[in-house]
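Listed here are the chains, written in short residue letters.
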Amino acid sequence: MDLDDLDIFRSVVREGGVTRAAKRLHRVPSNVTTRIKQFEARLGVALFRREGRSLSLTEAGRTLLGHAETLLRMADLAEQELRSGVVRGVLRLGSLESAAGARLPPILSAFHAQFPDVTIELQTGTTRAMLRQLERFEIEAAFVSEPVDHASLSSVPAFDEELVLITGRDAPGIGDGSRRRTLVAFPHGCSYRQRLIEWLAEEGASYDRVLEMSSYHAIVACVAAGTGMAIVPAEVLDHAVLSTAVERHPLPPHMRRNRTRLVWSGEASAALSALMALLPDRAETGRAA
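Residues numbered from 1 in each chain as written. Predicted model: local features only at pLDDT ≥ 70, side-chain atom pairs only at ≥ 80, totals over all residues. Heavy atoms only, no water.

Caption draft 1: Up close: the overall build of the chain. Of the regular secondary structure elements, the chain holds eleven helices and twelve strands. Against the globule reference of 19 Å for 289 residues, the chain gives a C-alpha radius of gyration of 30 Å, more extended than a compact globule. Dimensions of the chain, computed from the C-alpha atoms along their principal axes, are close to 100 × 35 × 35 Å. Among the 289 residues that make up the chain, the fraction classed as buried is 44%. Look at the contacts in the chain between residues 6 or more apart in sequence, and 73% of them connect residues 24 or more apart. A gap of 7 Å separates the mean positions of the 35 positive and 36 negative side-chain charges of the chain. (Helix = DSSP H or I, 4+ residues; strand = E, 2+ residues; numbered from the N terminus. Rg over C-alpha atoms; globule rule 2.2 N^0.38 Å. Buried < 20%, exposed > 50% of the residue type's maximum accessible area, 1.4 Å probe, protein only. Contact = heavy atoms within 4.5 Å. Lys, Arg positive; Asp, Glu negative; His and termini not counted. Charge placed at Lys NZ, Arg CZ, Asp CG, Glu CD.)

Quick look at the structure:
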């Protein structure tokens, strides 16, 4: 529905006729009359009851007037907000569970303090799942693990993580290549799971199965119970309830560090730009590699 048509319609109602409405709108009366008739024809209803030179609203006209007031008020508010530069609205984010649990809370808290009119909706998942949601425009941006092979996405570095291998107490690490193991990890699409599989392959080791979990608390608990081994960020493990019930093993230097990036498609909104300014590791900006 054209806001200009709604404004003309409302002006005719408020001014009590076409002539006074035309004067307020800086139009000629014939133009206002034509626009009203075209509007009625497009809607398929009469908005005014014409009695000589006077006009009165029909039932359809009274119904439209309420909607017109709401829509025009919303349009005015949107324009005022854009001109004022106030950051508000809804920011839909995706995140790795590790970032959501250990890294994001202080950042989101600082963001809320600075921009209380922005509502953040956060959901967690694997890197692959977050990228799919970005493609479907279900979220605006996501914290995902490198490497990110979507050339169409823009990105900035967010956090650097130290990864560790965890096993049950007194259980060996990668060690004996002939020993078969159970891996405890997130579902397919988890970059840490893939890193553990690649490390096993490098060492000539093998595994029997992968036990899939949906949270780091569950992963650490399963490993502590002697179920298998997993790769987790050291900071996440530091905050885990059962962190002292597992054994930590260092990863090879080329696998030990992992970078989380914030990725998005298209132009960043004002709210997303404000969030990026709060990231601790934002020196490098560019296209996702």
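Caption draft 2: Structural context of empty space enclosed by the protein. Counted by the stated rule, this structure contains one cavity of 30 Å³ or more. The computed volume of the largest cavity comes to approximately 60 Å³. Put simply, the parts of the chain that give the lining of the largest cavity at least two residues each are β7 (182–185), α7 (191–202), α8 (216–224) and β9 (230–233). Its residues placed into classes, the lining of the largest cavity shows eleven nonpolar, no polar and one charged. (1 Å grid on protein atoms, 1.4 Å probe; cavity = no way out; pocket = protein on both sides within 12 Å on 5 of 7 lines; lining within 4 Å. Points joined across faces, edges and corners; volume = space filled by probe spheres on them. Nonpolar A, V, L, I, M, F, W, Y, C, P; charged D, E, K, R; others polar.)

Caption draft 3: Main features of helix α5 (residues 97–114). In a regular helix each residue adds 1.5 Å, so 18 residues correspond to 26 Å; α5 covers 24 Å between its end C-alpha atoms and thus fits that length. Approximately 65 degrees is the largest bend angle found in α5, and it occurs at Leu104, with the proline Pro105 only one to four residues beyond. The set of residues buried in α5 consists of Ser98, Ala99, Ala100, Ala102, Leu104, Ile107, Leu108 and Phe111. (Expected span 1.5 Å × (residues − 1). Bend = angle between axes of the 7 residues up to and from the residue.)

Caption draft 4: Up close: the packing of aromatic side chains. Using the criterion set out here, one finds four aromatic pairs in the structure. Judged by centre distance (5.6 Å) and plane angle (55 degrees), the ring pair of Phe9 and Phe48 falls under tilted. Highlighted residues: Phe9 in helix α1 (residues 3–15) and Phe48 in strand β1 (residues 48–51), separated in sequence by 39 residues. The exposure class assigned to Phe9 is buried, which follows from its relative accessible area of 0%. When the centroid spacing of 5.7 Å and the interplanar angle of 20 degrees are considered together, the rings of Phe143 and Phe159 count as stacked. Residue Phe143 is located in strand β5 (residues 141–145), and its partner Phe159 is located in strand β6 (residues 154–168); the two are separated by 16 residues in the primary sequence. On the accessibility criterion, Phe143 (0% relative accessible area) is buried. (Phe/Tyr/Trp six-rings, centres within 6.5 Å; stacked < 30°, edge-to-face > 60°.)

Caption draft 5: Structural context of the pairing of strand β11 (residues 257–264). Extensive coverage of β11 is indicated by the burial of six of its eight residues. Note that β5 and β11 share five bridges and pair antiparallel. The residue of β11 that forms the bridge with Phe143 is Leu262. Where β6 and β11 come together, eight bridges link them in antiparallel fashion. In the sheet register, Glu161 faces β11, and the bridge partner there is Asn258. (Pairing = 2+ DSSP bridges.)

Caption draft 6: Representation of the pattern of salt bridges. Scanning the entire structure with this criterion turns up 20 salt bridges. Between Arg193 and Glu212 there is a salt bridge whose closest N-O contact spans 2.8 Å. Placement of Arg193 in helix α7 and of Glu212 in strand β8 (residues 209–212) is noted, with a sequence separation of 19 residues between them. Look at the salt bridges and you will find they share partners, linking Asp7, Arg10, Arg14, Glu15, Arg24 and Glu69 into a network. (Salt bridge = Lys/Arg side-chain N within 4 Å of Asp/Glu carboxyl O.)

Caption draft 7: Region of interest: the layout of surface pockets. Empty space within the largest pocket amounts to approximately 460 Å³. Along its surface, the largest pocket is lined by 20 residues, and Pro147, Gly189, Cys190, Ser191 and Gln194 are the ones closest to its centre. Counting only elements with at least two residues in the lining of the largest pocket, the list comes to α6 (127–135), α7 and α10 (253–256). Counted by class, the lining of the largest pocket contains six nonpolar, eight polar and six charged residues.

Caption draft 8: Region of interest: the pairing of β5. Of all the five residues making up β5, five are buried; the element is thus mostly covered by neighbouring parts of the structure. Both faces of β5 are covered, namely the face carrying Ala141, Phe143 and Ser145 and the face carrying Ala142 and Val144. By the bridge criterion, three bridges tie strand β3 (residues 89–95) to β5 in an arrangement that is parallel. Residue pairing for β5: Leu93 is matched across the bridge by Ala141.

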